[in-house]
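# Observations on chain architecture
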Amino acid sequence: AIPSDLQPYFDKGIQAYTQGSYEYAVDLLSFVLKSSPDATEARRYLRLAIQKQFSQHPPSQLSQLGLTLATMPIRWWAIVSQWQGNVRSAIDLYEWLLSLTPRSPTLLMRLAATLIRTGLEDGALQTYEELLAINPSHLGALRKLGRLAMKRGNDPQARQCFERVLQLHPGDLEAQQSLRNLDALGTIKRGFSA
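For clarity, every value in this text was computed on a predicted model and none was experimentally measured. (Residues numbered from 1 in each chain as written. Predicted model: local features only at pLDDT ≥ 70, side-chain atom pairs only at ≥ 80, totals over all residues. Heavy atoms only, no water.)

### Points about the overall build of the protein chain
For the protein chain, the helix and strand inventory stands at eleven helices and zero strands. For the protein chain, the sequential pattern of α-helices and β-strands runs α-α-α-α-α-α-α-α-α-α-α. Taken over 194 residues, the protein chain has a buried fraction of 42%. Contacts in the protein chain between residues at least 24 apart in sequence constitute 49% of all its contacts with a sequence separation of at least 6. Total accessible area computed for the protein chain in this model is approximately 10,500 Å², and 56% of it derives from carbon and sulfur atoms. In the protein chain, the 21 positive side-chain charges and the 17 negative ones have mean positions that sit 5 Å from each other. (Helix = DSSP H or I, 4+ residues; strand = E, 2+ residues; numbered from the N terminus. Buried < 20%, exposed > 50% of the residue type's maximum accessible area, 1.4 Å probe, protein only. Contact = heavy atoms within 4.5 Å. Areas by Shrake-Rupley, 256 points an atom, 1.4 Å probe, with all protein chains shown as cover. Lys, Arg positive; Asp, Glu negative; His and termini not counted. Charge placed at Lys NZ, Arg CZ, Asp CG, Glu CD.)

Below is the structure:
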């Protein structure tokens, strides 16, 4: 939930997003997240605004490579912050890096893992979904999203993820075992409801 003192900024950010003022939306929604990191809906719209802004003005491949190299020390700083348990700092760094390279699978996976460590599972769920919208065949995101959905009791989403893993990687033991577990849970749930 958005705190009441931040609600006007969130509303203006959503309005800017719907009107196509993505840069303004990014500024407003970033402000909301700085003050309230668990504002999942603000995080989702921030990611969408950054994606739209990026697609309007995509950088060249050469500038993307240069940006990746130039931000390498910040990437390492984010990883070190995460290892040291300074997860809020790591989240801020990953989100700043994603504002520069919003389609980076590595950064999205690291951000999702960090969000899970802080208990922000809704944000992690949305981050995995964002990555899968970019690359529907990303095995790591499918596995992690499947586990998270299973943990949260969203059996249909978990099943869909594990079935997709098996389509991409037939014989995947973890996906097979997870589907068997989902079948067993379904049987148990039907037994309780009878």
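Here the narrative resumes, following the displayed structure.
### Concerning the packing of helix H2 (residues 22-35) against helix H3 (residues 40-56)
Between H2 and H3, the least distance of the axes is 9 Å, while the angle of their chain directions is 150 degrees. Here H2 lies roughly antiparallel to H3, going by the angle between them. When the axes of H2 and H3 are compared, the crossing they make is left-handed. Every residue of H3 that contacts H2 at Tyr22, Glu23, Ala25, Val26, Leu29, Ser30, Val32 and Leu33 is listed here: Ala42, Arg43, Tyr45, Leu46, Ala49, Ile50, Lys52, Gln53 and Gln56. The class makeup of the residues in the contact of H2 with H3 is eleven nonpolar, three polar and three charged. (Axes fitted to C-alpha atoms, helices over the stretch in contact; angles between N-to-C directions. Parallel < 35°, antiparallel > 145°, perpendicular 65-115°, else oblique. Left-handed = near helix turned anticlockwise from the far one by under 90°. Nonpolar A, V, L, I, M, F, W, Y, C, P; charged D, E, K, R; others polar.)

### A few points about the environment of Asp172
Mapping Asp172 onto the fold places it in the loop between helix H10 (155-168) and helix H11 (173-193). Residue Asp172 is classed as buried on the basis of its relative accessible area, which comes to 6%. Between the C-alpha atoms of Asp172 and Thr118, which are 54 residues apart in sequence, the distance is 29 Å. Among residues more than four places away in sequence, those in contact with Asp172 are Arg143, Val165 and Leu166. Among the polar contacts made by the side chain of Asp172, one reaches the side chain of Arg143 at a distance of 2.2 Å. (Polar contact = N/O pair within 3.5 Å; in protein donor to acceptor, adjacent residues only side chain to side chain.)

### Some remarks on helix H6 (residues 87-100)
Compared with the 20 Å implied by 1.5 Å per residue over 14 residues, the 20 Å span of H6 between its first and last C-alpha is a close match. Turning to H6, its buried residues number three or more, namely Val87, Ala90, Ile91, Leu93, Tyr94, Glu95, Leu97 and Leu98. Of the surrounding elements, those touching the buried residues of H6 are H2, H3, helix H5 (72-83) and helix H7 (105-117). (Expected span 1.5 Å × (residues − 1).)

### Details of the side chain of Thr101
Mapped onto the elements of the fold, Thr101 is located in the loop between H6 and H7. The class for Thr101 is buried, based on a relative accessible area of 12%. Beyond its immediate sequence surroundings of up to four residues, Thr101 is in contact with Leu67, Arg75 and Leu107.

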